[in-house]
Every structure is written in structure tokens, then in C-alpha cells.
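# Remarks on the overall topology
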Amino acid sequence: PGVSGKSIQIPVGRTIITINVDETQTASNMMKAGDIVDVVVTYDARTPVGQQTKTMTLLECVTVFAIADQTKNDM
């Protein structure tokens, strides 16, 4: 009661985190709030045969809460 702002749109029991991305990392600006995505990371790892670039999935089926300041309810 008495709460306002974007935080009232966060479902009870859910957590929101921020991931900084630019337009080239969001499939040419085609992603929108409410989309379901996998969060993938690419990193350089030291291995016995030298440094290798690796990619792994961190999270699957994550709901995008907002893009910039636009949430699903704002659209």
C-alpha cells in the first residue's frame, strides 16, 4: 500500500537484476520487456593448451523485466 513506481510490477518472490547491454547485444533492438531469454556469457579461459574463448549458458528461460525504462506494462 502506498508504493509507486516500477518496483510494484515485480512479482512477489521474484528478484530483478541489471545486465548492461547495448543495441548490438540485443539482436538489433528486437528484444522487448516480457520476452523469455537465456543469459549466455563468453569469456577467455586459461587451459593447459593456452587461452581459449568459451561460451556457457548461465540462466535459462529468464523473463526480461524492462528494456531501458520500458516494462511490459508500459507497452
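Structure's up top.
The paragraphs below set out a description of the structure included in this document. These numbers come from a predicted model, not from an experiment. (Residues numbered from 1 in each chain as written. Predicted model: local features only at pLDDT ≥ 70, side-chain atom pairs only at ≥ 80, totals over all residues. Heavy atoms only, no water.)

## Some thoughts on the overall build of the protein chain
Filter applied, for reference: Secondary structure elements are defined from DSSP: runs of H or I of at least 4 residues count as helices, runs of E of at least 2 residues count as strands, and each element is numbered from the N terminus. The Shrake-Rupley method, run with a 1.4 Å probe, gives the accessible areas here. Residue values count only the displayed protein chains as cover.
Within the protein chain, the secondary structure is distributed over 0 helices and 4 strands. Moving toward the C terminus, one meets the helices and strands of the protein chain in the order β-β-β-β. Taken as a whole, the protein chain presents about 6,400 Å² of accessible surface, with 52% of it coming from carbon and sulfur.

## Remarks on the pattern of salt bridges
Cut-off, in case you're wondering: Whenever a carboxyl oxygen of Asp or Glu lies within 4 Å of a side-chain nitrogen of Lys or Arg, that contact is scored as a salt bridge. The buried label goes to any residue with under 20% of its type's maximum accessible area, the exposed label to any with over 50%, and the partly exposed label to all in between, with areas taken from a 1.4 Å probe on protein chains only.
For the structure on display, the rule yields 1 salt bridge. A salt bridge links K32 to D35; the nearest nitrogen and oxygen atoms lie 3.3 Å apart. Under the relative-accessibility criterion, K32 is labelled partly exposed at 42%.

## A short note on unusual backbone geometry
Here C61, not a glycine, exhibits a phi torsion of approximately 55 degrees, which is positive. One can find C61 in strand β2 (residues 50-63). Classification of C61 as exposed rests on a relative accessible area of 60%.

## Description of the pairing of strand β1 (residues 36-47)
Across a regular strand the side chains alternate sides, sitting on one face of the sheet and then on the other. Put simply, the rule reads: Strands are treated as partners if at least two bridges between them are detected by DSSP.
Bridge count between β1 and β2: 11 bridges; the pairing is antiparallel. By the bridge assignment for β2, T42 is matched with T55. Counted between consecutive antiparallel strands, the loop separating β1 from β2 contains 2 residues.

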